[in-house]
Amino acid sequence: MGIGLISILLFGSMLLFLGLGLPVAFVLGGLAAIFWGPESFFIIVARTYSMMSTTTLVACPLFVLMAAVLEQSGVAEDMYEMMYRWMGSLKGGLAVGTVIVCTLLAAMSGIASTGVVVMGVMALPAMLKRGYDKSLAVGCILAGGVLGPLIPPSIVLVLYGTIAQVSIGGLFAGGMSAGLLCSSLIIVYILIRCYLNPSLGPPIPYEERTNWEAKMTSLKGIILPFLLIVSVLGSIYTGIATPTEAAAVGAFGAMVCSAIHRRLNWQLIRNSAYATIKIQGFMMWILFSAQAFASVYMGMGASRLVIGLVEKYEIGWWTMLIAIQIVWFALGFVIDAWSILMITAPIILPLLPIYGFNPLWLGVLYAVNTQTGYLTPPFGTMLFMMKGIAPKSVTMSDIYSSVVPFVITQLVTLALCITFPKLITWLPEVLFG
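Throughout what follows, the structure given in this document is the object of discussion. (Residues numbered from 1 in each chain as written. Predicted model: local features only at pLDDT ≥ 70, side-chain atom pairs only at ≥ 80, totals over all residues. Heavy atoms only, no water.)

## Re the overall build of the chain
Within the chain one finds 23 helices and zero strands. Its C-alpha atoms give the chain a radius of gyration of 22 Å, near enough to 22 Å, the size a compact globule of 433 residues would have. Counting only C-alpha atoms and orienting by the principal axes, one finds that the chain spans roughly 75 × 45 × 45 Å. Each of the 433 residues in the chain was classed as buried or not, and the buried ones make up 54%. In the chain, the share of contacts with a sequence separation of at least 24, taken over all contacts with a separation of at least 6, comes to 81%. When the accessible surface of the chain is totalled, it reaches about 18,300 Å², and 71% of it is carbon and sulfur. (Helix = DSSP H or I, 4+ residues; strand = E, 2+ residues; numbered from the N terminus. Rg over C-alpha atoms; globule rule 2.2 N^0.38 Å. Buried < 20%, exposed > 50% of the residue type's maximum accessible area, 1.4 Å probe, protein only. Contact = heavy atoms within 4.5 Å. Areas by Shrake-Rupley, 256 points an atom, 1.4 Å probe, with all protein chains shown as cover.)

Right, here's the structure in full:
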């Protein structure tokens, strides 16, 4: 059986079983074992052990622990109170403030669920109470929350850097640029929509607005987040600490923030530890099975097939780049970003020297692209998470419709980063040369 037919059967089976609702880890690992037979077990074990021995992956559970502690630390409440006082008087100001807080939470956690859960509980009822349009209120929380996998300390970028052997500090710098660009476009979209139609996001009543003294006092709410972001990212960018060491600093810093807010107790530590184990266990099973899937597929000759097709049909630079983006975007409908990376990286990475793609630039494009997968059905996990925490008046139909303009905003960000690569590469060049 040729590798072309094997590719069709392998990926066709994968999409079929995923569409039937089977767990991603079982589908990928099972197909790897079935298609190559007993010989694949040695490769699966060897590759799994090799991945478990990768020290940079230690940063992942530490960043997850940091995010879990931050969800209960009270830091987000202070930030939102500050944004409420400063931005509430603007048309759409609460939505803009929500996106800014989500951006700051993304820079402290590196995962999507933190911003969505915290702001969904705090900001969504506040906006709905003040007459905000449901789609705008829900959409801005979802769009801001999924900046977590893009803005450092992004776990997705840690995984990509580990696999592609690219500087994680450089990826973090490029992700910061792209993330701030995406956040800015979301804010601009909200301001324009609310300027054209003020009923979508009315300003808070005059009697609820605060004076300048109260606004200045509320600025203390960003002191702890700023110090935590600087301690984590600053230690990486200055070379003081590796990403793994910086993750440990971040987890400790999150606990310090909780202690300052008088919320650090045994229950918080236990709940955070359970959440970390659950998320990390879920992630590692997917990584192991996807690594097995990719290893078996590559062992069957996938790289030779891809390179042969490139040479035979003389696929152009732009055609290949756009094809990669389409594949990533399409896979985001059915599987998560971690699985997308593990499946496609072994096929795409051999093409880098052929086409001259900058691996750092391509890695950030991957993060920008796959963040849409958190918002696109049927796999959009953040959509279902929002349904679980939203008031009963917010239906699943409201949630689906709310993300459409924000997914378009994410795609505009992707298009800008493709057209102008310096948007991603300028900060890594400034910081690391």
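Picking up where we left off.
## What about the pattern of salt bridges?
Evaluated as defined, the whole model comprises two salt bridges. With its nearest N and O atoms 3.0 Å apart, the salt bridge here joins K134 to D398. A residue pair is termed long-range when its members are at least 10 positions apart, and K134 in helix α8 (residues 134–145) and D398 in helix α21 (residues 396–402) qualify at 264 residues. Relative accessible area serves as the criterion here: at 16%, D398 is assigned to the buried category. (Salt bridge = Lys/Arg side-chain N within 4 Å of Asp/Glu carboxyl O.)

## Re the side chain of S183
Along the chain, the position of S183 falls in helix α10 (residues 168–196). Accessibility expressed as a relative area gives 5% for S183, which makes it buried. Residues contacting S183, with those up to four places away along its chain left out, are V99, T103 and L147.

## A short note on the environment of L159
Looking at the element boundaries, L159 is found in helix α9 (residues 155–164). Exposure remark for L159: the relative accessible area of 3% places this residue in the buried category. As a C-alpha pair, L159 and W338 span 179 residues in sequence and 7.9 Å in three-dimensional space. In contact with L159, other than residues within four places in its own chain, are L57, C60, M283, L287, W338 and L341.

## Regarding the packing of α10 against helix α12 (residues 223–237)
Axis separation between α10 and α12 bottoms out at 9 Å; the angle between their running directions is 125°. When the interaxial angle is binned, α10 and α12 end up oblique. Remark: the crossing between α10 and α12 carries left-handed chirality. Between α10, through G169, F172, A173 and M176, and α12, the contact on the second element is made entirely by L233, I236 and Y237. (Axes fitted to C-alpha atoms, helices over the stretch in contact; angles between N-to-C directions. Parallel < 35°, antiparallel > 145°, perpendicular 65-115°, else oblique. Left-handed = near helix turned anticlockwise from the far one by under 90°.)

## A short note on helix α14 (residues 266–299)
Taking 1.5 Å per residue as the helical rise, α14 with its 34 residues ought to reach 50 Å, and the 48 Å between its terminal C-alpha atoms agrees with that figure. Near the N-terminus of α14, the side chain that reaches the backbone nitrogen of Q267, with its oxygen 3.2 Å away, is that of N265. (Expected span 1.5 Å × (residues − 1). Polar contact = N/O pair within 3.5 Å; in protein donor to acceptor, adjacent residues only side chain to side chain.)

## What about the packing of α10 against helix α19 (residues 359–370)?
Running from N to C, α10 and α19 cross one another at 50°; their axes reach a closest spacing of 9 Å. When the axes of α10 and α19 are compared, the pair comes out oblique. Seen along the crossing, α10 lies across α19 with a hand that is right-handed. For the pair α10 and α19, the contacting residues are G170, L171, G174, G175 and A178 in the first and L360, G363, V364 and V368 in the second. A breakdown of the residues in the contact of α10 with α19 according to their chemical character gives five nonpolar, four polar and no charged. (Nonpolar A, V, L, I, M, F, W, Y, C, P; charged D, E, K, R; others polar.)

## Remarks on a nonpolar patch on the surface
On the surface, L16, F17, L20 and L22 cluster together into a nonpolar patch covering about 390 Å² of accessible area. With respect to the helices and strands, L20 occurs in the loop between α1 (3–19) and α2 (24–36). (Patch = residues over 30% accessible without salt bridge, like charges linked within 9 Å, V, L, I, M, F, W, Y side chains within 5 Å.)

## Quick word on unusual backbone geometry
Geometrically, the link from P152 to P153 is a cis peptide bond, its omega value of 10° lying close to zero. One can find P153 in the loop between α8 and α9. In this structure, Q165 is a non-glycine residue whose phi angle is positive, near 55°. Counting through the fold element by element, Q165 comes out in the loop between α9 and α10. In this structure Q165 comes out as exposed when scored by relative accessible area, which is 67%.

## A closer look at helix α16 (residues 317–331)
Between its first and last C-alpha atoms α16 spans 21 Å; for 15 residues at 1.5 Å apiece the expected length is 21 Å, and the two agree. Taken together, the buried positions of α16 are M320, L321, I324, Q325, W328 and L331. Relative to the axis of α16, the buried residues are bounded by an arc of 140° and lie together on one face. Within α16, the exposed residues directed more than 90 degrees away from the buried face are T319 and I326. (Arc of directions from axis to C-beta.)

## Regarding the nonpolar core
With 142 residues, the main nonpolar core has M14, M119, M127, L142, I190, L365 and M386 as its most contacted residues. The element that contributes the greatest number of residues to this core is α10, accounting for 12 residues. If near-sequence neighbours (up to four positions away) are discounted, L365 is found in contact with L321, Q325, W328, L414, C417, I418 and I424. Core analysis: the next-biggest nonpolar cluster, separate from the first, contains six residues, I6, A32, A292 and V296 among them. (Core = buried A, V, L, I, M, F, W, Y, C linked by side-chain atoms within 4.5 Å.)

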